[in-house]
There are 2 protein chains.
Amino acid sequence: MNVVLLSGGSGKRLWPLSNDIRSKQFIKIFKGDNGEYESMVQRVYHQIKKADPEATVTIATSKTQVSAIHNQLGENVGISVEPCRRDTFPAIALATCYLVDVMKVDENESVVVCPVDPYVEDDYFAAVKKLSDQADKGTANLVLMGIEPTYPSEKYGYIMPESKDATAKVSSFKEKPTTEIAKGYIEQGALWNGGVFAYKLKYVLDKAHELIDFTDYDDLFSKYDTLTKISFDYAVVEKEDKIEVQRFAGQWKDLGTWNTLTEAMGENVVGKGVLNDECSNVHIVNEMDVPVLAMGLKDVVISASPDGILVSDKEQSSYIKPYVDKFEQQVMFAEKSWGDYKVMDVESGSMTIKVTLNAGHSMNYHSHNNRDEVWVVISGEGRTIVDGMEQKVKAGDVITMSAGCKHTVFADTELKLIEVQLGEAITAQDKVKYEL
Amino acid sequence: MNVVLLSGGSGKRLWPLSNDIRSKQFIKIFKGDNGEYESMVQRVYHQIKKADPEATVTIATSKTQVSAIHNQLGENVGISVEPCRRDTFPAIALATCYLVDVMKVDENESVVVCPVDPYVEDDYFAAVKKLSDQADKGTANLVLMGIEPTYPSEKYGYIMPESKDATAKVSSFKEKPTTEIAKGYIEQGALWNGGVFAYKLKYVLDKAHELIDFTDYDDLFSKYDTLTKISFDYAVVEKEDKIEVQRFAGQWKDLGTWNTLTEAMGENVVGKGVLNDECSNVHIVNEMDVPVLAMGLKDVVISASPDGILVSDKEQSSYIKPYVDKFEQQVMFAEKSWGDYKVMDVESGSMTIKVTLNAGHSMNYHSHNNRDEVWVVISGEGRTIVDGMEQKVKAGDVITMSAGCKHTVFADTELKLIEVQLGEAITAQDKVKYEL
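J.: Could you clarify how one ought to interpret the sheet that holds strand β16 (residues 280-286) of chain A in this entry?
T.: The strands that make up a sheet are held in pairs by hydrogen bonds between backbone atoms, and each pair lies either parallel or antiparallel. If you walk across this open sheet you meet the six strands as β14(A)-β16(A)-β18(A)-β19(A)-β17(B)-β15(B), and the pairing is mixed. Each having just a single partner strand, β14 (269-270) of chain A together with β15 (273-275) of chain B make up the two edges of the open sheet. Pairing analysis gives four bridges linking strand β19 (residues 308-313) of chain A to strand β17 (residues 292-295) of chain B, with the strands arranged parallel. By the bridge assignment for β17(B), Val311(A) is matched with Ala294(B).

J.: Got a minute to help me understand the packing of aromatic side chains in this structure?
T.: Evaluation of the coordinates by the stated rule reveals 32 aromatic pairs over all chains. Taking 4.8 Å as the distance between ring centres and 85 degrees as the angle between the ring planes, the aromatic pair formed by Tyr124(A) and Phe125(A) counts as edge-to-face. One exposure class covers both Tyr124(A) and Phe125(A), and it is buried. An angle of 45 degrees between the planes, with centres 5.1 Å apart, marks the rings of Trp15(B) and Phe327(B) as tilted. One end of the pair, Trp15(B), is in the loop between β1 (2-6) and β2 (30-31); the other, Phe327(B), is in helix α10 (residues 321-327), and 312 residues separate them in sequence. An aromatic cluster of three or more residues is present, and its members are Phe89(A), Phe197(A), Tyr199(A) and Phe232(A). Sitting over the face of the ring of Tyr434(B), Lys406(B) holds its NZ or CZ atom 4.6 Å from the ring centroid.

J.: Sorry, what's going on with the side chain of His407(B) here?
T.: All names here are of chain B. Tracing the backbone shows His407 in strand β28 (residues 407-411). His407 sits in the buried class, given a relative accessible area of 1%. Side-chain polar atoms of His407 contact the side chain of Glu373, separated by 3.2 Å. Of the polar contacts made by the side chain of His407, one reaches the backbone oxygen of Cys405; its length is 2.9 Å. Filtering out sequence-adjacent residues up to four positions away, His407 remains in contact with Asn364, Tyr365, His366, Ser367, His368, Glu373, Trp375, Ile385, Val386 and Met401.

J.: Is there a simple way to explain the relation of the copies chain B and chain A in this structure?
T.: Two chain copies here: they are related by a rotation about an axis and a translation along the same axis. Overlaying chain B on chain A yields an RMSD of 0.1 Å, the required transformation being a rotation through 180 degrees with an accompanying axial translation of 0.0 Å. Here the transformation between the copies is reduced to the relation of a two-fold axis. The rotation axis passes nearest to the C-alpha of Met344(B) in chain B, at a distance of 3.1 Å. Most of the interface of chain B is mirrored in chain A, where 100% of its interface residues are also at the interface.

J.: Sorry, what's going on with the pairing of strand β10 (residues 167-174) of chain A here?
T.: Within a regular beta strand, the side chains point alternately toward one face of the sheet and then the other, so they alternate between its two faces. All names here are of chain A. Here strand β9 (residues 158-161) runs beside β10; their pairing, made up of four bridges, is antiparallel. Residue pairing for β10: Ile159 is matched across the bridge by Phe173. Hairpin connection between β9 and β10: a loop of five residues separates the two successive antiparallel strands.

J.: What is the right way to look at the pairing of strand β20 (residues 333-336) of chain B in this model?
T.: All names here are of chain B. The pairing of β20 with strand β21 (residues 339-347) spans four bridges and is antiparallel. If you follow Phe333 over to β21, its bridge partner there is Lys342. Linking β20 back to β21 in an antiparallel pair, the connection comprises two residues.

J.: Is there a simple way to explain the interface of chain B and chain A in this structure?
T.: When the parts of a complex come together, some accessible area is lost, and that lost area is often used as the size of the interface. Contact with chain B, which involves 51 residues of that partner, is made by 51 residues of chain A. Together, Leu293(B), Met295(B) and Ile309(B) form the three largest contributors to the area buried by chain B at its contact with chain A, with a combined 17%. Where chain B meets chain A, there are six salt bridges. The salt bridge partner of Lys354(B) is Asp345(A), with a shortest N-O separation of 2.8 Å.

J.: Is there a simple way to think about the side chain of Lys24(B) in this case?
T.: Residues and elements named next belong to chain B. Among the structural elements, Lys24 can be located in the loop between β1 and β2. Note on Lys24: relative accessible area 13%, which makes it buried. Only 2.8 Å separates the side chain of Lys24 from the side chain of Asp117, close enough to count as a polar contact.

J.: What exactly am I supposed to notice about the packing of helix α1 (residues 40-51) of chain B against helix α4 (residues 122-137) of chain B here?
T.: The geometry of a pair of packed helices is captured by two quantities: the angle between their axes and the separation between those axes. All names here are of chain B. One way to put it is that α1 packs onto α4 with a least axis distance of 9 Å and a crossing angle of 60 degrees. Considering the angle they form, α1 stands oblique to α4. Crossing of α1 against α4: the hand is right-handed. Of α4, the residues touching α1 (which contributes Val44, Gln47, Ile48, Lys50 and Ala51) are Asp122, Phe125 and Ala126.

J.: Would you take a moment to explain the environment of Glu435(A) for this structure?
T.: All names here are of chain A. As for its position among the elements, Glu435 is in the segment after β30 (432-434). Relative accessible area serves as the criterion here: at 76%, Glu435 is assigned to the exposed category. Placed 71 residues apart in sequence, Glu435 and Asn364 show a C-alpha to C-alpha distance of 8.3 Å.

J.: Looking at this structure, I do not really get the environment of Ser222(B). What am I missing?
T.: All names here are of chain B. When you line up the elements, Ser222 lands in helix α7 (residues 217-222). With relative accessibility at 53%, the residue Ser222 sits in the exposed group. Spatially, the C-alpha atom of Ser222 lies 8.4 Å from that of Pro83, the residues being 139 residues apart in sequence.

J.: When you look at the confidence of the model for chain A in this model, what are you seeing that I'm missing?
T.: Caution applies to low-pLDDT regions: their predicted coordinates should not be interpreted in detail. Across chain A, the average pLDDT comes to 92, with 99% of residues at 70 or higher. For this predicted complex, the interface confidence comes out at an ipTM of 0.79, alongside a pTM of 0.80.

Definitions and cut-offs
Residues numbered from 1 in each chain as written. Chains lettered and ligands numbered in written order. Predicted model: local features only at pLDDT ≥ 70, side-chain atom pairs only at ≥ 80, totals over all residues. Heavy atoms only, no water. Pairing = 2+ DSSP bridges. Helix = DSSP H or I, 4+ residues; strand = E, 2+ residues; numbered from the N terminus. Phe/Tyr/Trp six-rings, centres within 6.5 Å; stacked < 30°, edge-to-face > 60°. Buried < 20%, exposed > 50% of the residue type's maximum accessible area, 1.4 Å probe, protein only. Lys NZ or Arg CZ within 6 Å of the ring centre and 35° of its normal. Polar contact = N/O pair within 3.5 Å; in protein donor to acceptor, adjacent residues only side chain to side chain. Contact = heavy atoms within 4.5 Å. Least-squares fit on C-alpha atoms with pLDDT ≥ 70 in both. Buried area = accessible area lost by both parts, 1.4 Å probe. Salt bridge = Lys/Arg side-chain N within 4 Å of Asp/Glu carboxyl O. Axes fitted to C-alpha atoms, helices over the stretch in contact; angles between N-to-C directions. Parallel < 35°, antiparallel > 145°, perpendicular 65-115°, else oblique. Left-handed = near helix turned anticlockwise from the far one by under 90°. pLDDT = per-residue confidence, 0-100.

Dropping the structure here:
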């Protein structure tokens, strides 16, 4: 089957683990089958491959996530890069063109579009496979997954099927209701709309050509920033009559808030942390090197990262966003395709960073206009190129680079270095890239 | 008046702000009259000087605290350094000899001994002054402060006076009782024993010579490590018949736990932190550069430092010690007489530290046997001496020092540097000091 995973914006609702360049789907918080922690995107990717080893997985996302995706899933995953955010209809249209024009998938094949962040068991992807099979039959233009509600939630839209059959025609859609109204819907057999649907590629291609003037993938990509922001629901789903829904009764959790995220965690403590016996329903997710000690707490989530520390009642944690918006802080930690970096110290005229390069990787060859830099290699081996001069480096070596000086470093083994930036105007934007 | 402040051991009950080399009395947590934060020891010192500008203040402490005391109180405060910990009788005997032999105070003068860590208002030191005046009269050998109990506490010893007069003879002492028994004591007019007492210097000098074979301060100092560990209460107070007590009815808080410490804080947040409206009775003490966000919590203290993060129900916070004992962690932050240092990164073969030197100060001239070091100056100006060679340094300069190389740095202005230590066996003990 073909699967498109929609990997949405950064979001701050899981601060301090998510930030402007690091999204919740990349946080390694779930214990995988091999005992290693994996992220939402890794977990979902592995689950799809388990359900169908032949599955073609394409991630529709912005360019800011490309590094993290390759870092976590390797180089073979397909990525449909949105040049900018333009809501779900343009994103799904672009991903559909990508599959047909770039990946050369036959336009009569079906594709299933899923969000990247639900927390589900393997049976969910068996259901996704069935959705794809149902779309192949062509009895409807869209086949949706309808999730059996476990409570009358106000957080989801509802799908009203015409019958309680495993596959049924959709009678209507309902916006997020109040709890009372949700109860009524559920009595009538309504299902949650989890944003999962299958269609034949040609169907969405045709819709895209109806609404957008473009020739092929490259053309659509090049004019992407001119497209109108419009949701797939509004542009396609609500106007379509031939829609079916397939019931899914397995576990399904939307991991958008700390409250639901911690429910899905297998353990109470990820990272260094201790809960005393007087704690109940307390979760710690700690990315710092020092311990968190929690005593006498109930229904609390604690999360610490280089960006900050959250201590919240679990229910309250859904209201985090406006507070985090006010912090306006620098990103203190980021994963890149080549490794990661962590800001360790910020002064008015300097910034000190720890850089880890994965073996075989390098930075871009670049220079800065307004800052000098000093590298102190603390572990590993590699090669630096400074203004064209290549030099072997190992732990203990010091490299000084004045403003304007072109530089990069190649990691032959995993290589760690302390980078001290010096200057009065240190910004991420002050970077000129060069070909080597 | 003469005051001896007993500045006790480090203690972990205020972890993560106190650690093996940084004691609670040095944490800057109280807003002073000038709006700047001050520590317990600074607050108490200023209060004594306010009650009596002529007061001679001597701090009895271990050598590990000498740097921090000079750093916070300047160079003029008297310090009676205990070469090692030998309980309160040897400590008070040594401080008494220090006053007579080093500070040349007449042995017929009185001295008041106080703990350094009570949180009190100015009236407390007016009462301390009265205690000293009462001791001057010589109607008793020891004059104690008796604190009017505000509740039947199990945490304090009790003093039973013979009458309810402002000054009364002591009838007996009672060990820490149960709440029920404490109620009975209070009905009989009992007072809390806050560990504050006055005596004429000669009285304790004579007691010291009775119990210890020594000639003068220098002799006592040199044989201090051979002395028996014994408390002043046991060696002197319990055996003395001529004891008076003076009542004190003002505010008095023992700041030994987070619970009592936060009660004494004027504000709910010290450092970067935000409490949402659903928080009640929550305190944040944050020494990190990144924010703490607290949501929907009740009766909780949150403290973050480079050593770790505590999140505790306030009542529970008194049980912190055994948990912290298990952490066995490296000290990540310390204040020194010359400035401070903060550990920023620890790897198996390296450690990265940020060092701040106060203007006019320097490190010891020293070398390391088993590690190389690199300094990157990030702000300020000064001079390094490396193997005898002096060199001016400023922001951006890099100094590399191999193992065995002697080095120091003088700060002409406040000087900050990043120090990268490199080697397989990095320990604080690997340090050889030299004269310059």
